[in-house]
Amino acid sequence: MSTARKPLFAGNWKMNLNHLEAIALVQKLAFSLTDKDFDRADVAVLPPFTDLRSVQTLVDGDKLRIVYGAQDLSVHDSGAYTGEISGTMLAKLGCTYVLAGHSERRQYHREDDQVVGAKVQAAYRHSLTPILCVGEGLPVRQAGGHVAYAVSQLDAALNGVKTEQARSLVLAYEPVWAIGTGEVATPDDAQEVCTALRARLAELYDAEVAAAVRILYGGSVKSDNIAGIMAQPDVDGALVGGASLDPADFVKICRFGEISG
Ligand SMILES: O=C(CO)COP(=O)(O)O
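Remember, predicted model here, so these are calculated numbers, not experimental data.

**Student:** Got a minute to help me understand the site of the ligand in this structure?
**Tutor:** Surrounding the ligand, one finds Asn-12, Lys-14, His-102, Glu-174, Ala-178, Ile-179, Gly-180, Gly-219, Ser-220, Leu-239, Gly-241 and Gly-242. Within the backbone of Ser-220, a nitrogen or oxygen atom sits 2.7 Å from an oxygen atom of the ligand. Between Gly-241 and the ligand, the recorded distance is 2.9 Å, taken from a backbone N or O atom to an oxygen atom. Considering the ligand on its own, with 310 Å² of exposed area, one finds that the protein chains cover 96% of that surface. The residue inventory of the shell around the ligand, partitioned by class, reads three nonpolar, seven polar and two charged.

Here you go:
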């Protein structure tokens, strides 16, 4: 973690929790997290689409410092695209963030780099901050191609993204072999790729963008492994899956693994 960038912890709930369960979880987070915690790190939840209005009502009504976002968006802004959700709608629901390029979307929905790039553009069109996910599968890691692979995904997704847009970007390095497996990357593994991604940002844009962009790590993050990951200079937080469904563990993660706030 660098003191120049405020850490961000985002909970990707994936396809879990209905809108009533979402209210309960956000209320538990709000009850536990203090102003000191929020001064030290940004905390976001990324619920299923069906929960967003309920989360918005709670966050706005109780003036919570928790922010939220969506797990996906359409490349289109409106029209005959059955089942899709546009960035316009997400912006109206008060979303701050939207994921683009999550490996589960790339795998199950065959989203290639071109689609991911179009979703990044759609996010910016609607003043949403994209959390761009990159990361290699196990064969690529075993062959030693993981850094080049993540950088190539970054290059493809940022094609056409302007400097002033890139400044607000969030990246998430999520090695596919660590997602949902309990096989968390070592802090050195995370740092190796995150520093390479930051260096590429400097080449694509400039040193200011590279210094500003927050790069998260995701893949089996838990409260007992976050401290070592956050100690890395180019890691600025975490994109948390399973552990974000456990409010007590997610609170500890947001405190970098410390027990008390
Ligand atoms: O995919 C992830 C977050 O987007 C990581 O999921 P887990 O934390 O469950 O490994």
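Further notes follow.
**Student:** Looking at this model, I keep getting lost on the packing of aromatic side chains. Mind explaining?
**Tutor:** The relation between two aromatic rings is expressed through the spacing of the ring centres and the mutual angle of the planes. Scanning the model with the defined rule gives two aromatic pairs in all. Here Arg-40 stacks its cationic end above the ring of Phe-256, 4.0 Å away from the centre of that ring.

**Student:** Just checking my understanding: could you explain the UniProt feature "active site" (unreviewed entry) in the protein for this structure?
**Tutor:** Per the UniProt record, "active site" (unreviewed entry) is found at His-102 and Glu-174. What stands out for the annotated residues spanning 73 residues is how close their C-alpha atoms remain, the widest pair being 8.3 Å apart. Taken from the residues named earlier, the lining of the largest pocket is made up of His-102. Here His-102 lies in the loop between strand E4 (97-100) and helix H5 (103-108).

**Student:** So what exactly am I meant to see when it comes to the sheet that holds strand E2 (residues 42-46) here?
**Tutor:** By definition, the strands of a sheet pair up through backbone hydrogen bonds, in either a parallel or an antiparallel sense. Read around the barrel, eight strands follow the order E1-E2-E3-E4-E5-E6-E7-E8 and close on themselves; strand pairing throughout is parallel. Each neighbouring strand pair of the sheet contributes to a mean axis angle of 25 degrees, computed without reference to strand direction. Here strand E6 (residues 170-173) pairs with strand E7 (residues 214-218) via four bridges, running parallel. Bridged to Tyr-173 within E7 is Tyr-217.

**Student:** Before we go on, may I ask you to explain helix H13 (residues 247-254) in this structure?
**Tutor:** Residue pairs spaced three or four apart in an α-helix point in one direction, given the helix's 3.6 residues per turn. Extensive coverage of H13 is indicated by the burial of six of its eight residues. Within the span of H13, buried status applies to Pro-247, Asp-249, Phe-250, Val-251, Ile-253 and Cys-254. Taken together, the buried residues of H13 touch strand E1 (8-12), helix H1 (19-32), E2, helix H12 (226-230) and strand E8 (237-240). At the N-terminal end of H13, a side-chain oxygen is found 3.0 Å from the backbone nitrogen of Ala-248, two or three residues along, and the residue is Asp-246. The first or second residue beyond H13 is Phe-256, which carries a positive phi of 65 degrees.

Reading guide: rules and limits
Residues numbered from 1 in each chain as written. Predicted model: local features only at pLDDT ≥ 70, side-chain atom pairs only at ≥ 80, totals over all residues. Heavy atoms only, no water. Near = heavy atom within 4 Å. Polar contact = N/O pair within 3.5 Å; in protein donor to acceptor, adjacent residues only side chain to side chain. Areas by Shrake-Rupley, 256 points an atom, 1.4 Å probe, with all protein chains shown as cover. Nonpolar A, V, L, I, M, F, W, Y, C, P; charged D, E, K, R; others polar. Phe/Tyr/Trp six-rings, centres within 6.5 Å; stacked < 30°, edge-to-face > 60°. Lys NZ or Arg CZ within 6 Å of the ring centre and 35° of its normal. UniProt positions renumbered as here; feature names shortened; annotations may be inferred. 1 Å grid on protein atoms, 1.4 Å probe; cavity = no way out; pocket = protein on both sides within 12 Å on 5 of 7 lines; lining within 4 Å. Helix = DSSP H or I, 4+ residues; strand = E, 2+ residues; numbered from the N terminus. Pairing = 2+ DSSP bridges. Axes fitted to C-alpha atoms, helices over the stretch in contact; angles between N-to-C directions. Buried < 20%, exposed > 50% of the residue type's maximum accessible area, 1.4 Å probe, protein only. Contact = heavy atoms within 4.5 Å.

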